[in-house]
Amino acid sequence: MRANSTRILLDGLARYTGAMEVYEAGDEEIVNSFTFPVTIYVPQERNLTLMELGQLFHDFNFLTQPIKKNRAIALDRSNIYVGLTKKLGETDIIERNGGVEERAASLGKKSTALVAQQVFCALCVVRAKGLHFRRNLVRNIPLESQILLVKHF
């Protein structure tokens, strides 16, 4: 990428704009304490037409394959409830009873795990947020999983 190359900011415009506003307001130290992920496209041949830019935006934003919820939970490092789920999954009682299946949405017939991480995380959220929240969420957790996990909480 040459210094005089055309660069197109495809993703992260709001993050970049917000950071620049903070920087221009004189808070350079704050801006320098963060990493702002963005995606930049650098055309090789020529500048893109407005139609090509529109197609590029479409392809980048709408043709991506979203990951399943159970995979997202397994990879999440910032959600407090996912962190709680992982920590509780490492406890002796959970591990002695089969542990937590991290990559599956539910337990298969051959699984020796106690619970799937996605179900366990939902239960942790319910337990942390209380009964009112439980009434709204419990219909999404299979009854047999609720019964099995409540025994260990």
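Relevant structure appears above.
Quick summary incoming for the structure in this document. (Residues numbered from 1 in each chain as written. Predicted model: local features only at pLDDT ≥ 70, side-chain atom pairs only at ≥ 80, totals over all residues. Heavy atoms only, no water.)

**Overview of the overall build of the protein**
In plain terms, the rule: The numbering of helices and of strands both runs from the N terminus, where a helix is a DSSP run of H or I of at least 4 residues and a strand a run of E of at least 2. Only heavy atoms matter for contacts: two residues are in contact if any of them lie within 4.5 Å across the pair. Where accessible areas are quoted, they stem from the Shrake-Rupley method and a 1.4 Å probe; at the residue level, only the protein chains shown are allowed to cover.
The number of helices and strands found in the protein is 9 helices and 4 strands. Put simply, the protein runs from its N terminus to its C terminus through helices and strands in the order β-α-α-β-α-α-α-α-β-β-α-α-α. Taking all contacts inside the protein whose residues are at least 6 apart in sequence as the whole, residues at least 24 apart take part in 51%. Carbon and sulfur atoms form 55% of the exposed surface of the protein, whose accessible area is close to 11500 Å².

**Focus on the nonpolar core**
The condition that has to hold: In these notes, a set of buried Ala, Val, Leu, Ile, Met, Phe, Trp, Tyr and Cys residues joined through side-chain atoms within 4.5 Å is what counts as a nonpolar core. Burial status follows relative accessibility: with a 1.4 Å probe on protein chains alone, a residue under 20% of its type maximum counts as buried, one over 50% as exposed, and anything between as partly exposed.
Of all hydrophobic cores here, the largest spans 7 residues; its members are Ile94, Leu114, Val115, Ala116, Val119, Phe120 and Cys124. Among the secondary structure elements, those contributing two or more residues to this core are strand E4 (115-116) and helix H7 (117-129).

**What to know about the pattern of salt bridges**
Keep this limit in mind: We define a salt bridge as a side-chain nitrogen of Lys or Arg found within 4 Å of a carboxyl oxygen belonging to Asp or Glu.
Taken as a whole and judged by the stated rule, the model has 1 salt bridge. The shortest N-O distance in the salt bridge between arginine 96 and aspartate 92 comes to 2.3 Å. Pair noted here: arginine 96 and aspartate 92 are both in helix H6 (residues 92-96), with a separation of 4 residues, about one helical turn.

**Some details on the packing of helix H5 (residues 80-89) against H7**
Defined as follows: Here the axes come from fitting lines to C-alpha atoms, over the contacting stretch only for helices, and the angles between their N-to-C directions go from 0 to 180 degrees. Every angle not falling under 35 degrees, over 145, or within 65 to 115 is termed oblique; those three ranges are roughly parallel, roughly antiparallel and roughly perpendicular. Each helix crossing is assigned a hand: it is left-handed if the near helix lies turned anticlockwise from the far helix by less than a right angle, otherwise right-handed if that turn is clockwise. Classes in brief: Ala, Val, Leu, Ile, Met, Phe, Trp, Tyr, Cys and Pro nonpolar; Asp, Glu, Lys and Arg charged; the others, Gly included, polar.
Close contact between H5 and H7 brings their axes to 9 Å; oriented N to C, the two are set at 110 degrees. Taken together, the axes of H5 and H7 are roughly perpendicular relative to one another. Helix-helix and strand crossings are classified by hand; for H5 and H7 the assignment is right-handed. Residue-level contacts link Tyr81, Val82, Leu84, Thr85, Lys86, Leu88 and Gly89 of H5 to Gln117, Phe120, Cys121, Cys124, Val125, Ala128 and Lys129 of H7. Broken down by class, the residue content of the contact of H5 with H7 amounts to 9 nonpolar, 3 polar and 2 charged.

**Considerations on the packing of aromatic side chains**
Which entries qualify depends on this criterion: Pairing of aromatic rings covers Phe, Tyr and the six-membered ring of Trp, with a centre-to-centre limit of 6.5 Å; geometry is then stacked below 30 degrees between planes, edge-to-face above 60, and tilted otherwise.
The tally for this structure, following the rule as stated, stands at 1 aromatic pair. Here phenylalanine 57 and phenylalanine 62 contribute two aromatic rings whose centre-to-centre distance is 6.5 Å and whose plane-to-plane angle is 75 degrees, an arrangement assigned as edge-to-face. Accessibility expressed as a relative area gives 45% for phenylalanine 57, which makes it partly exposed.

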